[in-house]
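What follows is each chain in one-letter form.
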Amino acid sequence: MASSDSRLQQQPSQKDAADQNFDYMFKLLIIGNSSVGKTSFLFRYADDSFTSAFVSTVGIDFKVKTVFRNDKRIKLQIWVSGLETQYIAVLICGITLYYHAEICCR
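Quick summary incoming for the structure in this document. Here the structure is a predicted model, which means the values were calculated and not measured. (Residues numbered from 1 in each chain as written. Predicted model: local features only at pLDDT ≥ 70, side-chain atom pairs only at ≥ 80, totals over all residues. Heavy atoms only, no water.)

## What to know about the overall build of the chain
A tally of regular secondary structure across the chain gives two helices and four strands. Overall, the chain shows an N-to-C arrangement of helices and strands of β-β-α-β-β-α. Surface exposure of the chain reaches about 8,000 Å², of which carbon and sulfur atoms provide 55%. (Helix = DSSP H or I, 4+ residues; strand = E, 2+ residues; numbered from the N terminus. Areas by Shrake-Rupley, 256 points an atom, 1.4 Å probe, with all protein chains shown as cover.)

If you want it as structure tokens, here you go:
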């Protein structure tokens, strides 16, 4: 997402993760081979920072970023998995069950 795109404006907030004021929320899970730069991508996009000293992600890492597009506030939860491919299905199933219970049992 190029910063020159006038339709997409980013206003960083220190309270993005706890902020409940948004129009849409998207949850993205980034998976892929080891040592290809998934965590580097996450930090570069969410925090606009880069370090070459990342260690392999153990488990899950995530960041929250809020962007504005067409006068809508969009909250992005971006998750990066350091899990091996065979465990990804178990992770997705667990996340689905968690959110299903959260929605149904309020």
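## With respect to the pattern of salt bridges
Taken as a whole and assessed by the stated rule, the structure comprises two salt bridges. Taking the shortest distance from any N to any O, the salt bridge between Lys63 and Asp47 comes out at 2.8 Å. Residue Lys63 is found in strand β3 (residues 60-69), and its partner Asp47 is found in helix α1 (residues 38-47); the two are separated by 16 residues along the sequence. (Salt bridge = Lys/Arg side-chain N within 4 Å of Asp/Glu carboxyl O.)

## Observations regarding the pairing of β3
Within a regular beta strand, the side chains point alternately toward one face of the sheet and then the other, so they alternate between its two faces. Taken together, the 10 bridges between β3 and strand β4 (residues 72-81) define a ladder with antiparallel strand orientation. Residue pairing in the sheet places Thr66 in a bridge with Lys75 of β4. As consecutive antiparallel partners, β3 and β4 are separated by two residues, and within that stretch Asn70 has a phi angle of approximately 50°, a positive value. (Pairing = 2+ DSSP bridges.)

## Quick word on the packing of aromatic side chains
Given two aromatic rings, one states the distance between the centres and the angle between the planes to describe the pair. Tallied over the full model, the rule gives two aromatic pairs. Where Phe62 meets Trp79, the ring centres are 4.6 Å apart and the plane angle is 15°; that geometry is what we call stacked. Of this pair, Phe62 sits in strand β3 while Trp79 is found in strand β4, placing the two residues 17 residues apart along the sequence. Taking the relative accessible area as the measure of exposure, Phe62 reaches 38% and is therefore partly exposed. A residue is classified by how much of its surface remains accessible, and Trp79, at 23% relative accessible area, is partly exposed. (Phe/Tyr/Trp six-rings, centres within 6.5 Å; stacked < 30°, edge-to-face > 60°. Buried < 20%, exposed > 50% of the residue type's maximum accessible area, 1.4 Å probe, protein only.)

## Let's talk about unusual backbone geometry
Negative phi values dominate among residues other than glycine, just as trans dominates among peptide bonds. For Ser35, which is not glycine, the phi torsion reads 60° and is therefore positive. Along the polypeptide, Ser35 turns up in the loop between β2 (24-30) and α1. At Asp48, a position not held by glycine, the phi torsion is positive, near 55°. Secondary-structure assignment places Asp48 in the loop between α1 and β3. Residue classification places Asp48 among the exposed positions, given a relative accessible area of 56%.

## Examining the nonpolar core
Ranked by size, the top nonpolar core spans eight residues in total: Leu42, Phe43, Tyr45, Val67, Ile74, Leu76, Ile78 and Val80. Going through the elements one at a time, α1 and β4 are the ones with two or more residues in this core. Broken down by element, this core gets its largest block of residues, four residues, from β4. (Core = buried A, V, L, I, M, F, W, Y, C linked by side-chain atoms within 4.5 Å.)

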